[in-house]
Amino acid sequence: MQINRTTDYALRILICLGRENRMVSSSEIANTMRISQRYLLSIVRRLKDQGYIRVGFGPDGGYSLIKPLNMISLYDIIILMEGTVTILRCLTQENHCEETPCVLHDGYSFLQDIIECYLRNLTIDMLINQSMDTWQKTIIEKLNKVMGQNQEAGIPSSKRTKYPLR
Amino acid sequence: MQLNISTDYAIRIILYLAKNEQVVSSSKLSKVIRVSPRYLLHIGSKLRDAGLINATNGPTGGYSLIKPAGQISLYDIIIIMEGETQSRQRPTPEIEGYQEFIALNIAYKHVKSTLEQSLKNITIASLLS
């Protein structure tokens, strides 16, 4: 139920590059993150393949961000690194349940909507350039919208998510 | 973020036993859930050790639910199946001067606690109602 360590590092690398706005050498990133360059390379390769960063070679080489910060959400990176943000398989894989849709769908899919709303709406730009209060306010507004939609769809209150944001 | 496949199966096993309210043979259960009897044994022993199900041997033996379905939440099952691995995970170290990492950790906490709170409120009984 937790994010993978590698996904976490991918996000931190993007934050690093997002703050610097220049080409950052791999040794500098590896030192800051306290990880090996080899590990860094394995993560960076995937970010590069998906067009998030650019690799420069030579003495002034390193990595730089090429995608705008406000277009990189937590959701995007989790999908890139882990393939899915669902915790239950029946929401992603066809024919996984013996009956479709199974009882887990009904009980759980609204919760998935909430989680995805949070992750899709939180961007690297918000983490770097906004105060926690500001981005949390934005997220709460978006969540309220989704909760409202769930209410209209007739989800019983016992099954509605209560989220503990301040 | 996805649950282990064995957790997925454990949830389905509990759902099936709750629905059927009787002793289900291991051969029947492994067929319904679509796992090998050996794998079923592995999952079943964890659920049994946690007091959710009973396992008996013999010709009329099998698995049955002993904890009421209204007292078993999805969160309970997840902790039974994955609790050990979760507590073993060390958090990523904080880096001085990077407020953004603190913000990121807070975001993870929000998502995790939203999930946990909600999963604690989804009981097997509520799923079957």
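Structural data are supplied above this passage.
Here goes a summary of the coordinates provided. (Residues numbered from 1 in each chain as written. Chains lettered and ligands numbered in written order. Predicted model: local features only at pLDDT ≥ 70, side-chain atom pairs only at ≥ 80, totals over all residues.)

## Describing the interface of chain A and chain B
- At the junction of the two partners, chain A supplies 39 residues and chain B supplies 30 residues.
- Every element with two or more residues in the side of chain A that touches chain B is listed here: helix 1 (5-20), helix 4 (74-82), helix 5 (103-121) and helix 6 (124-129) of chain A.
- The dominant element in the side of chain A that touches chain B, judged by the number of residues it contributes, is helix 5 of chain A, at nine residues.
- When the residues that make up the side of chain A that touches chain B are grouped by side-chain class, the tally is 24 nonpolar, seven polar and eight charged. (Contact = placed C-beta atoms within 7 Å. Helix = DSSP H or I, 4+ residues; strand = E, 2+ residues; numbered from the N terminus. Nonpolar A, V, L, I, M, F, W, Y, C, P; charged D, E, K, R; others polar.)

## A short note on the nonpolar core
- Counting residues in hydrophobic clusters, the biggest one holds 72 residues, and the most contacted among them are I13 and L14 of chain A together with I14 and I77 of chain B.
- Examining the composition of this core, we find that eight residues originate from one element, helix 1 of chain A, more than from any other.
- Ignoring sequence-local partners within four residues, the contact set of I77 of chain B consists of T7, A10, I11, I14 and I72 of chain B. (Core = buried A, V, L, I, M, F, W, Y, C linked by C-beta atoms within 7 Å. Buried ≥ 20, exposed ≤ 12 C-beta atoms within 10 Å, placed from the backbone.)

## Some points on helix 1 (residues 5-20) of chain B
Residue and element names in this part refer to chain B.
- Between its terminal C-alpha atoms helix 1 stretches 23 Å, which fits the 22 Å expected from 16 residues at 1.5 Å a residue.
- Turning to helix 1, its buried residues are T7, D8, A10, I11, R12, I13, I14, L15, L17 and A18.
- E21 lies just past helix 1 and shows a positive phi near 50°. (Expected span 1.5 Å × (residues − 1).)

## Quick word on helix 3 (residues 37-49) of chain A
Residues and elements named next belong to chain A.
- In this model, helix 3 (13 residues) spans 18 Å end to end at C-alpha, consistent with the 18 Å of a helix rising 1.5 Å per residue.
- Looking only at helix 3, the buried set comprises I43, V44 and L47.
- Against helix 1, strand 1 (53-56) and strand 2 (62-65) lie the buried residues of helix 3.
- Looking at the residues trailing helix 3, positive phi occurs at G51, about 80°.

## Some remarks on the pairing of strand 1 of chain A
All names here are of chain A.
- Examined bridge by bridge, strand 1 and strand 2 share four bridges and lie antiparallel to one another. When the sheet's bridge partners are listed, V55 is paired in strand 2 with Y63.
- The antiparallel pairing of strand 1 with strand 2 creates a hairpin that spans five residues between the two strands, and G58 there sits at a positive phi of about 95°. (Pairing = 2+ DSSP bridges.)

## Looking at the packing of helix 1 of chain A against helix 2 (residues 26-33) of chain A
All names here are of chain A.
- Contact geometry for helix 1 and helix 2: axes closest at 11 Å, N-to-C directions at 120°. By the criterion of interaxial angle, the relationship of helix 1 to helix 2 is oblique. As helix 1 packs across helix 2, the resulting crossing turns out to be right-handed. The segment helix 1 lies against helix 2, with Y9, R12, I13 and C16 engaging I29, T32 and M33.
- Its residues placed into classes, the contact of helix 1 with helix 2 shows five nonpolar, one polar and one charged. (Axes fitted to C-alpha atoms, helices over the stretch in contact; angles between N-to-C directions. Parallel < 35°, antiparallel > 145°, perpendicular 65-115°, else oblique. Left-handed = near helix turned anticlockwise from the far one by under 90°.)

Coordinates in, geometry out; function isn't part of it.
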